[in-house]
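Close look at the chain arrangement
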Amino acid sequence: MKKKIYWLIPFLIFGLFLTGCSRNKVYGTVVISSDKYDQVQNDKKSINRLLKALERFDSEKPKTASRIYSAIDQLNEQGRKKMNKTDRKQLQGLLIDNKNSIKHIIMNAYQHHYGFDDDLSGSVSTPFFKVVRLLVNPITKQEANRKKVYNQLIKDTNAQQKLNNVGTTQ
């Protein structure tokens, strides 16, 4: 009986260790709950989807614009889940409602058959980075940790380079 107990103790300790490790995750050197980590991963997928759609934008092809609109709507729905009211309103404005929103910029480019040049790419990147900053707000309360998560998210999605490549397929 004692031998069985001695064999069970290391397995019990190992199980407790694994349970303790699975509660919190690290993203951008910031320890966050697994729920918030999952939220960051879902936001990252939505951001990558939008970036991929932006890279493939061609003002001559209507499907490319509709993919961008779909990605914008998904990012809006995904990102607003844990946000407060003011952040939700800002996110909606940056993505959809505002005259300078990403959706409005793409609609204007598509309707007037503008190719993506540096000016158009720059006008999309400004609200885009603001959107990413808003998505990070519900992850952690400390500004320094938000900045770390934001920088890691930008790095993981390779956003700067992808935004520079927007419209190069034309």
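Our structure is the block above this text.
We now turn to the structure provided with this report. (Residues numbered from 1 in each chain as written. Predicted model: local features only at pLDDT ≥ 70, side-chain atom pairs only at ≥ 80, totals over all residues. Heavy atoms only, no water.)

**Some thoughts on the environment of lysine 147**
- Relative to the assigned elements, lysine 147 resides in helix 7 (residues 143-157).
- For the pair lysine 147 and asparagine 137, spaced 10 residues apart in sequence, the C-alpha to C-alpha distance is 9.5 Å. (Helix = DSSP H or I, 4+ residues; strand = E, 2+ residues; numbered from the N terminus.)

**Focus on the pairing of strand 2 (residues 30-33)**
- Of the two faces of strand 2, only one is covered, namely that formed by Val30 and Ile32; the face formed by Val31 and Ser33 stays uncovered.
- In this sheet, strand 2 lies alongside strand 1 (residues 24-27) in antiparallel orientation, the contact comprising 4 bridges. Looking at the pairing, asparagine 24 lines up with serine 33 of strand 2.
- The turn linking strand 1 back onto strand 2 is made up of 2 residues, and glycine 28 within it adopts a positive phi angle of 65°. (Buried < 20%, exposed > 50% of the residue type's maximum accessible area, 1.4 Å probe, protein only. Pairing = 2+ DSSP bridges.)

**With respect to the pattern of salt bridges**
- Taken as a whole and judged by the stated rule, the model has 4 salt bridges.
- One salt bridge in this structure joins lysine 103 and aspartate 73, with 3.3 Å as the shortest N-O distance. Here aspartate 73 lies in helix 3 (residues 62-79) and lysine 103 lies in helix 5 (residues 102-111), a separation of 30 residues in the sequence.
- Arginine 146 is the partner of glutamate 143 in a salt bridge, and the nearest nitrogen-oxygen pair spans 3.6 Å. (Salt bridge = Lys/Arg side-chain N within 4 Å of Asp/Glu carboxyl O.)

**Notes on the packing of aromatic side chains**
- For the structure shown, the criterion picks out 2 aromatic pairs.
- Between tyrosine 27 and tyrosine 37, the ring centres sit 6.3 Å apart and the planes meet at 70°, which makes this aromatic pair edge-to-face. Linking tyrosine 27 in strand 1 with tyrosine 37 in helix 2 (residues 34-55), this pair joins segments that are 10 residues apart in sequence.
- A residue is classified by how much of its surface remains accessible, and tyrosine 27, at 5% relative accessible area, is buried.
- Where phenylalanine 128 meets phenylalanine 129, the ring centres are 5.6 Å apart and the plane angle is 75°; that geometry is what we call edge-to-face. Like phenylalanine 129, phenylalanine 128 is buried. (Phe/Tyr/Trp six-rings, centres within 6.5 Å; stacked < 30°, edge-to-face > 60°.)

**What about the nonpolar core?**
- Formed by 40 residues in total, the largest nonpolar core has its most connected members in Ile47, Leu50, Leu54, Ile68, Ile106, Phe128 and Leu163.
- Taken together, the elements giving at least two residues each to this core come down to strand 2, helix 2, helix 3, helix 4 (85-97), helix 5, helix 6 (118-136), helix 7 and helix 8 (159-164).
- No other element matches helix 6, which puts 8 residues into this core.
- Leave out the neighbours within four places in its chain, and isoleucine 68 touches Leu50, Ala53, Leu54, Phe57 and Ile106. (Core = buried A, V, L, I, M, F, W, Y, C linked by side-chain atoms within 4.5 Å. Contact = heavy atoms within 4.5 Å.)

**As for the side chain of threonine 157**
- Note on placement: threonine 157 falls in helix 7.
- Of the polar contacts made by the side chain of threonine 157, one reaches the backbone oxygen of isoleucine 154; its length is 3.3 Å.
- Leaving out residues up to four positions away in the same chain, threonine 157 has contacts with Lys44, Ile47, Asn48, Leu51 and Lys162. (Polar contact = N/O pair within 3.5 Å; in protein donor to acceptor, adjacent residues only side chain to side chain.)

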